[in-house]
Amino acid sequence: MRWFRTVITALLLMALLATLASAQTPRRLVTVEFTGWEQLQGLASRGLQILNYQDGVLAALASDEQVSRLRSEGGVVRLLDAEPDTDSYYLAYVPAGMGDEALDGLVHYPYQAGIEIVRASALDLERLPTLGIGLVKLPRAMKIPRGDRARQMVEQSRLGYSGSIQTMVDAVSSASLVGHVCKLQDDDQQAYCNALGTRYSYATAGLTEAADYIRGQLSGYGLTVSSDPFSFNGYPMVNVVAELPGTGPNSNHIVVLCAHFDSTSRTPFIAAPGADDNASGSAGVLEAARILSQRTFDRTIRFVLFSGEEQGLIGSAHYASAAAARGDVIDGVINLDMIGYESVPPGDHIVEVHAGLDPASIALADALIANVAEYGVQLQVQKLTSGATNRSDHASFWNVGYPAVLGIEDFDDFNPYYHSTSDTLSNMQTYMMVEFTRVSVATVAELAGEWTTTLPTVSATQTCTPTATETYTPTATSSHTPTLTATYIVTATPTATPTTVMPTTALFLPHVRR
């Protein structure tokens, strides 16, 4: 037996040395060309530390051995940085016509048309957005999902038309949405609905004012509300999270509706009203929360408002990473960002849903698109997969393996007031925000699965008749707790011995296709 123990010890030592050698093997920042989701999964399974993927190309950390093997197999691999620093990498989206001179003095590498990978300092992170350059913080590694559970869940939730969901969709109030945008764009010290406010993430007072308003609204709907604080670049920031707990057997599963509530402009400390970007998406989340909070669902619904988006998706990265570390089972994320603008004319109502390559995210986009027709929503939706953007908070959920989509207005009809002090309610088309909110309500309600209680069968000697009423009249600035009253009338024959009968059986509401 001594020889056997000696062999086992030697094998374990060799494995340990191999692991240590692998950990100490220097890695380089490279780009690798790929085709399709399956090849992306294959590259991840071979140990590439993928940081980001775009249309046909990914950025990753790879060892010299991995680079040599990929090239020997015909792979197109380009070396960017021999001494990478993953903590300082950002995607920099440079506006057309600006040129690379805006990045002078920075270490930067070409990635895709209009996209550079840059090493950014704290000062760069304040300066670049004021020039109109969008930033997205790269993770240390993306999780590329494997398996089909998430896609199957979304597809199985597609139950067709529901009269109950139609009632929720029809409850979306334009006045309520406009009221939220007014409150988020304005400075509380000035007249109502002025355009002098700022929600810039580094302008702590303005950001706190907006967060307090959001918390107050969500709390008024009877939801469980919490703050998710974090800091970035030395500044305190916060996400606001509200939860509607599920009441069915899948209550540990979560559907997320989210938006960022921070804003920016060329003079963000002075004024950054950010009506379309992104008071519109924030208003959509608040209005959906008002409506959905009046119902019960199988799955848990979370309404999450992020800050730090304009600094590189910092708030959503903080939240999504923590959710993944907790093991939260998030079945789908719908992120609303800039949902209130189009040019008139033509007034074509074109919007985009960005799904990326993950089949589960594509199934989520398909569900949302199907609900446009199902519930009479006045939008024309274009789905993006290989050309999907990373420039909003859905990408933070992609990075940790959760299915997510972005709902946004037409990139080819882009808001000319973007990131300026003219991004105000007066320059929005509020009906676009209404329609986007309507389809979001429908899709979240469908994914979460409305849940109700019904009475069990009673004995022939008893009658149990439930009645219930719920009333609410929305206003632009209202908050509410729905009033629900139930009466159970029990009658029995003179010879019967009455027993207590309570509504204990929970069933899905039926969905009937038109």
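The structure displayed is predicted, hence computed values, not measured ones. (Residues numbered from 1 in each chain as written. Predicted model: local features only at pLDDT ≥ 70, side-chain atom pairs only at ≥ 80, totals over all residues. Heavy atoms only, no water.)

S.K.: What is the right way to look at the layout of surface pockets in this model?
M.R.: One simple way to see leftover space: roll a probe sized like a water molecule over the atoms. In this model, the largest pocket occupies a volume close to 820 Å³. Looking at the largest pocket, it is lined by 40 residues, and the ones nearest its centre are Tyr93, Thr389, Arg391, Phe411 and Phe414. For the lining of the largest pocket, the element with the highest residue contribution is strand β8 (residues 134-137), accounting for 3 residues. The residue inventory of the lining of the largest pocket, partitioned by class, reads 20 nonpolar, 12 polar and 8 charged. (1 Å grid on protein atoms, 1.4 Å probe; cavity = no way out; pocket = protein on both sides within 12 Å on 5 of 7 lines; lining within 4 Å. Points joined across faces, edges and corners; volume = space filled by probe spheres on them. Helix = DSSP H or I, 4+ residues; strand = E, 2+ residues; numbered from the N terminus. Nonpolar A, V, L, I, M, F, W, Y, C, P; charged D, E, K, R; others polar.)

S.K.: Got a minute to help me understand the packing of helix α7 (residues 174-185) against helix α13 (residues 430-448) in this structure?
M.R.: When two helices pack together, their arrangement is captured by the angle between the axes and the distance separating the axes. Between α7 and α13, the shortest axis-to-axis distance is 10 Å and the interhelical angle comes to 110°. Relative to α13, α7 is oriented roughly perpendicular. Between α7 and α13 lies a crossing of right-handed hand. Along the contact surface, α7 presents Ser174, Leu177, Val178 and Val181, while α13 presents Thr430, Met433, Val434 and Thr437. For the contact of α7 with α13, the residue count by class is 5 nonpolar, 3 polar and no charged. (Axes fitted to C-alpha atoms, helices over the stretch in contact; angles between N-to-C directions. Parallel < 35°, antiparallel > 145°, perpendicular 65-115°, else oblique. Left-handed = near helix turned anticlockwise from the far one by under 90°. Contact = heavy atoms within 4.5 Å.)

S.K.: Just to check I follow, could you spell out the confidence of the model for the protein for this structure?
M.R.: Any residue range with low pLDDT should be treated as having predicted coordinates unsuitable for detailed reading. Taken residue by residue, the protein gives an average pLDDT of 86. The fraction at 70 or more is 83%. Throughout residues 15-23 the model reports pLDDT below 50, and contacts reaching past four residues in sequence, or to other chains, amount to 0 contacts. Low confidence marks residues 454-514, where pLDDT is under 50. Its contacts with residues over four positions away, or in another chain, come to 104 contacts. (pLDDT = per-residue confidence, 0-100.)

S.K.: How should I be thinking about the nonpolar core in this particular structure?
M.R.: The tendency in soluble globular proteins is for nonpolar side chains to be buried side by side. Within the largest apolar cluster, 88 residues are counted, with the highest numbers of intra-cluster contacts made by Ile214, Leu218, Leu292 and Phe303. Ranked by the residues each element gives to this core, the list is headed by α13, at 11 residues. One finds Leu51, Tyr109, Phe306 and Ala404 within the second-largest nonpolar core, a separate group that totals 34 residues. (Core = buried A, V, L, I, M, F, W, Y, C linked by side-chain atoms within 4.5 Å. Buried < 20%, exposed > 50% of the residue type's maximum accessible area, 1.4 Å probe, protein only.)

S.K.: For this particular structure, what's the right way to read the side chain of Asp393?
M.R.: The topology assignment puts Asp393 in the loop between β15 (380-384) and α12 (394-399). Despite its burial, Asp393 pairs with no opposite charge, the nearest such side chain being Arg199 at 11 Å. Apart from the residues lying within four places of it in its own chain, the contact partners of Asp393 are Ala259, His260, Phe306, Glu309, Leu313, Ser316 and Asn335. (Lys, Arg positive; Asp, Glu negative; His and termini not counted. Salt bridge = Lys/Arg side-chain N within 4 Å of Asp/Glu carboxyl O.)

S.K.: When you look at the state of the cysteines in this model, what are you seeing that I'm missing?
M.R.: One covalent bond between the sulfur atoms of two cysteine residues makes up a disulfide. Here the structure, examined in full by the defined rule, presents 1 disulfide. In this model Cys182 forms its disulfide with Cys193; the gap between the sulfur atoms is 2.0 Å. The disulfide joining Cys182 to Cys193 has a torsion of about -65° about its S-S bond and is therefore left-handed. You can see Cys182 sitting in helix α7 and its partner Cys193 sitting in the loop between α7 and α8 (204-220), a full 11 residues away along the chain. A relative accessible area of 5% places Cys182 in the buried class. Judged by relative accessible area, Cys193 falls into the partly exposed class, the value being 23%. (Disulfide = S-S within 2.5 Å.)

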